[in-house]
Amino acid sequence: MKEEIELIKDGKRLDGRGFDELRPIKIEVGVLKRADGSCYFELGDNKVIAAVYGPREMHPRHAQDAKMAVVKFRYNMAPFSTNDRKRPGPDRRSVEISKVCREAFNPVIMRELYPKMGIEVYVELLQSDAGTRTAGINAASIALADAGIPMKDLVSSIAVGKINGEVVLDLNAAEDNNGEADMPIAMIARTNTITALQMDGRMTQEEFGRGMKLARGACHQIYELQRAALVTRYNQNYEGKNKREEE
Amino acid sequence: MGLEIVNDVRTDYVCDLVKNGKREDGRGFREYRDISVERDVIKRAEGSARVKIGDTEVLVGVKVELGTPFPDTPDKGVIITNTELVPLASPKFESGPPNENSIQLARVVDRGIRGSETIDLDKLCIEKGEKVWMVFIDIHVLDDNGNLVDAAALGAIASLLNLRIPNERYGLTGENTLPMRDTPVAVTTVEIEGNILVDPSFDEGNAAASSVTVISNADGTLSGMQKSGSGGLKEAQIAEMVEIGIEKAGEIRKKYL
C-alpha cells in the first residue's frame, strides 16, 4: 500500500487549485513552417508541439487502406522532457499511447474522403508534467484543423484522478505519482461522445461517474479555448491578407 | 486483399444479426461464452494457467527470479507483463517484435494487477536496493477467437493465485507462497449498432466500432479500464459497460477463482 502523502490542504491542492480546476492553458496555432498544420499547447508545465502532414501518399504501401485514409499518430517524449532522461525512441508506453490517441481521432477525421492516403500526426512532448497524452490530443486536434483536414468536430481531452480520496481534475506530476487513480479521457465536446478512455489505479463506480462529469465540464472549456485559438489565427491571416492586397 | 473482403462480409453479417437482436453463436447480448481455467499446467513455471473462453485459448506462465530492483523503488519487487501473439494462434499474427496490439494487451493486464495491488510489492523485497523477486507474467496466446484481453487477464490472476516462490533454487528460506490481496477480473464489452455485447467473438471484435475493457475487484471497485477501437461512445453506454463489467467479473470470480 502507498503511504498517504498530503496532496490536499484546507480544501485546496498543493498548487492552489480547487478540485475541479484546470491548469493554465496556452495555445498557439500554426507555429511550424514546413508542416501542413501545427500547434503549440501548454497545460500547466506540459509543453507539447503537434504537427500534421498530409493527406499524402501512404508509406509503406501495404499499410494503405483502399477505402479510406490511414491515420498515423506518433506520440514521442523528448529525452530532456522528464526528470530522468528518457531513452530516445518508442517504448511500450508510447506505442500504446500512440494507438489510443490515433483511435481518439478516427471518429472525427473524414477518412473516407482520401482512400489510400496517409494523414500523419506527430506529437512531441518537450516538457512533461503528467497528463501529457491529453495535452498531445488537444494539440493534435488543433494541428489537424490547421492543416485543413476535413473533420466532423474537434477532440478535447483531459485527465481526472483520485488523490487523498478525492476525485479531482487534471492531475499534475506530484498528484499523479502519489495519487490513487488516473483516468485520461478524450471526447467530442459538442456531442459528449467519448473517443478515448483509460484508467489505472483504483476507484469506485460512483467515483468513476463523478470523474466523468468533471472531465465533461473540462472538455467543454478546452473546446472553447481550442476553437478560440483557431478563430484568432484565421482572423489574423485574413486581416493580414487584406492589408497586403490594399498595399 | 482476399482476407479483407471476407472480413467485410463477416462484419456485415454480424451487424445484421445484432440489429435483429441475435449473435452468430446464438448467445444473448449479455451472455458470456463458457470458460475453463486449468491451473498449474506448466511444471517449470512458478505459476501457470490455461484459460479457454469458447474457442479462445490463452496460456499464461509466471516465472519468478531474483533480480535487482529499479532505482526509484529500491524496496519493491518487480512485475513485468509481456504478451506474445505467436503466429500459430491466428493467420493475422506474424513473428517479430511486439506490435501495438500485443503491447496494449500486456499493458492492460498489467494495469489491472497493479491497480488492484493484488501483489504486495513490499513483500517481494529481500534486500533493499540489492535483491528483490521479479515476477514475469508471460501471456502466450494459442488460439485467437476473440476477446483475448479477458482470457489473458483471467490467466494471469489464476496463475498468480497459486504462485510458488522458488526460495530453494536460490538457497533462501522463507514463505513459498505469496498472499494475494485481490482478484482483478477483466470483462470486455463492445458496441455494435448501438448495442452493448459482452465477450465479443472474433468477428464481433472486428465488427465493433469500440470496445471497452473494465477490470474490477472483489469489492466492486475498478482497477483499470481501456477503450479501444475507432468509434465514439456516449457516457450512458460507458456507464452500462462498467455496470456489466462489474457484474460479470463477480460471476467469473465466484466460479473460477
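The coordinates are above.
Scoring rules and cut-offs
Residues numbered from 1 in each chain as written. Chains lettered and ligands numbered in written order. Predicted model: local features only at pLDDT ≥ 70, side-chain atom pairs only at ≥ 80, totals over all residues. Helix = DSSP H or I, 4+ residues; strand = E, 2+ residues; numbered from the N terminus. Rg over C-alpha atoms; globule rule 2.2 N^0.38 Å. Buried ≥ 20, exposed ≤ 12 C-beta atoms within 10 Å, placed from the backbone. Contact = placed C-beta atoms within 7 Å. Expected span 1.5 Å × (residues − 1). Nonpolar A, V, L, I, M, F, W, Y, C, P; charged D, E, K, R; others polar. Pairing = 2+ DSSP bridges. Axes fitted to C-alpha atoms, helices over the stretch in contact; angles between N-to-C directions. Parallel < 35°, antiparallel > 145°, perpendicular 65-115°, else oblique.

What about the overall build of chain B?
- Helix and strand counts for chain B come out as 5 helices and 11 strands.
- Scaling as 2.2 N^0.38, a compact globule of 257 residues should have a C-alpha radius of gyration of about 18 Å, and chain B matches this with 19 Å.
- Expressed as a percentage of the 257 residues in chain B, the buried residues total 47%.
- Considering only intrachain contacts with a sequence separation of at least 6, the fraction spanning at least 24 residues in chain B is 69%.

Thoughts on helix α2 (residues 132–146) of chain A
All names here are of chain A.
- Here α2 contains 15 residues, and its C-alpha end-to-end distance of 21 Å stays within 8% of the 21 Å for a straight helix at 1.5 Å per residue.
- Most of α2 is tucked away, with 15 of its 15 residues classed as buried.
- One or two residues past the end of α2 sits G148, with phi positive at roughly 75 degrees.

Observations concerning the interface of chain B and chain A
- Counting residues at the interface gives 29 residues for chain B, matched by 26 residues for chain A.
- Sorting elements by how many residues they give to the side of chain B that touches chain A places strand β10 (residues 222–228) of chain B first, with 7 residues.
- Its residues placed into classes, the side of chain B that touches chain A shows 9 nonpolar, 13 polar and 7 charged.
- Sheet analysis places strand β11 (residues 193–203) of chain A next to β10(B), joined by 4 bridges and oriented antiparallel. Looking at the pairing, A:M199 lines up with B:M225 of β10(B).

Describing the pairing of strand β6 (residues 131–143) of chain B
Residues and elements named next belong to chain B.
- Of the strand pairs in this sheet, strand β3 (residues 56–67) and β6 are connected by 11 bridges, and their pairing is antiparallel. When the bridges of β6 are listed, E65 appears paired with M134.
- Pairing of strand β5 (residues 125–127) with β6, which is carried by 2 bridges, proceeds in the antiparallel orientation. What sits directly across from C125, in β6, is V132.
- Taken together, β5 and the strand that follows it, β6, pair antiparallel across an intervening segment of 3 residues, in which G129 is found at a positive phi of about 80 degrees.

Quick word on the packing of helix α1 (residues 92–105) of chain A against helix α2 (residues 100–115) of chain B
- Axis separation between α1(A) and α2(B) bottoms out at 9 Å; the angle between their running directions is 105 degrees. Judged by the inter-axis angle, α1(A) sits roughly perpendicular to α2(B). Residue-level contacts link A:R92, A:V95, A:E96 and A:K99 of α1(A) to B:E100, B:I103, B:Q104 and B:R107 of α2(B).
- Classifying every residue of the contact of α1(A) with α2(B) by side-chain character gives 2 nonpolar, 1 polar and 5 charged.

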